[in-house]
Amino acid sequence: MHPDAAEWEAWTPDDVARRLRGVGAPWYVAAGWAIDLYLGGQRREHEDLEIGIPEGAFGEIADALRELDFHAVTAGLAQPVAEAADLMRTVHQTWGLDPDANVWRIDVFREPSEGGRWVSRRDESITLPYEELIERTPDGIPYARPEVVLLFKAKGARPKDEADLAAVLPRLGPERRALLAGWIERVHPGHFWLPDLAA
């Protein structure tokens, strides 16, 4: 099917946290929602909800979210996971379709990992233990630390990504700014965000 054959009516972080309670694999809210969780509240609309997981944990997560039909997604194609062995090896996004409502609920990022550590898709030399990758809201919802989220956002640097950077920077101390700057310089040398991180 084409990804546009269904609309997005995404769950909230609370919705997915409730469904994944008791799951043993590490998971975390990613992308724009992670920034809002770090900042303590929703700042803008989010058309979707992304979570990150170790690639090898997808079966456990899919089983916990068995109300959804998962599809491997690439440009113009959403292929059911059961029929997508080849595509699953080349793409990391896995959208969950609510078949009763015919809407997408969640995008599961199947991320590289090794030896209990997250490995960045952007540069495999960038890696963190999951206990350092994942931060939590006061009520326990796990989310990716903002340096990781902003590293991924730096590639496109859309207006909403710029707004996320501007919102996060006042909250990041010097060590965390330096970490993010080092990662961005490694992956995107000379990126125009770097002067802001040095300020």
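Residues numbered from 1 in each chain as written. Predicted model: local features only at pLDDT ≥ 70, side-chain atom pairs only at ≥ 80, totals over all residues. Heavy atoms only, no water.

Trainee: Please give an account of helix α6 (residues 146-156) that cites residues and values.
Mentor: Among the 11 residues of α6, nine are classified as buried, and the element is accordingly described as predominantly covered. At the C-terminal side of α6, Ala157 shows a positive phi close to 45 degrees. (Buried < 20%, exposed > 50% of the residue type's maximum accessible area, 1.4 Å probe, protein only. Helix = DSSP H or I, 4+ residues; strand = E, 2+ residues; numbered from the N terminus.)

Trainee: A description of the side chain of Asp48 should follow, citing residues and the corresponding values.
Mentor: Of note, Asp48 is situated in the loop between α2 (31-39) and β3 (50-54). No salt bridge is formed by the buried Asp48; its nearest oppositely charged neighbour, Lys160, is found at 6.0 Å. Look past the residues within four positions of Asp48 in its chain and what remains in contact with it is Trp8, Ala10 and Trp33. (Lys, Arg positive; Asp, Glu negative; His and termini not counted. Salt bridge = Lys/Arg side-chain N within 4 Å of Asp/Glu carboxyl O. Contact = heavy atoms within 4.5 Å.)

Trainee: Just give me the short version of the layout of surface pockets, but keep the residues and values in it.
Mentor: If you add up the space inside the largest pocket, you get close to 690 Å³. Taken together, 31 residues make up the lining of the largest pocket; nearest its centre are Ala31, Glu50, Phe109, Phe152 and Arg158. By residue number, the principal contributor to the lining of the largest pocket is α6, which donates six residues. Partitioning the lining of the largest pocket into residue classes produces 12 nonpolar, five polar and 14 charged. Roughly 220 Å³ of volume is contained in the second largest pocket. Lining of the second largest pocket is provided by 13 residues; of these, Ala17, Trp27, Arg136, Gly140 and Pro142 occupy positions nearest its centre. Here the lining of the second largest pocket takes three residues from helix α1 (residues 13-19), the largest share from any one element. Split by residue class, the lining of the second largest pocket holds seven nonpolar, one polar and five charged. (1 Å grid on protein atoms, 1.4 Å probe; cavity = no way out; pocket = protein on both sides within 12 Å on 5 of 7 lines; lining within 4 Å. Points joined across faces, edges and corners; volume = space filled by probe spheres on them. Nonpolar A, V, L, I, M, F, W, Y, C, P; charged D, E, K, R; others polar.)

Such coordinate-based values are descriptive only and should not be taken to indicate function.
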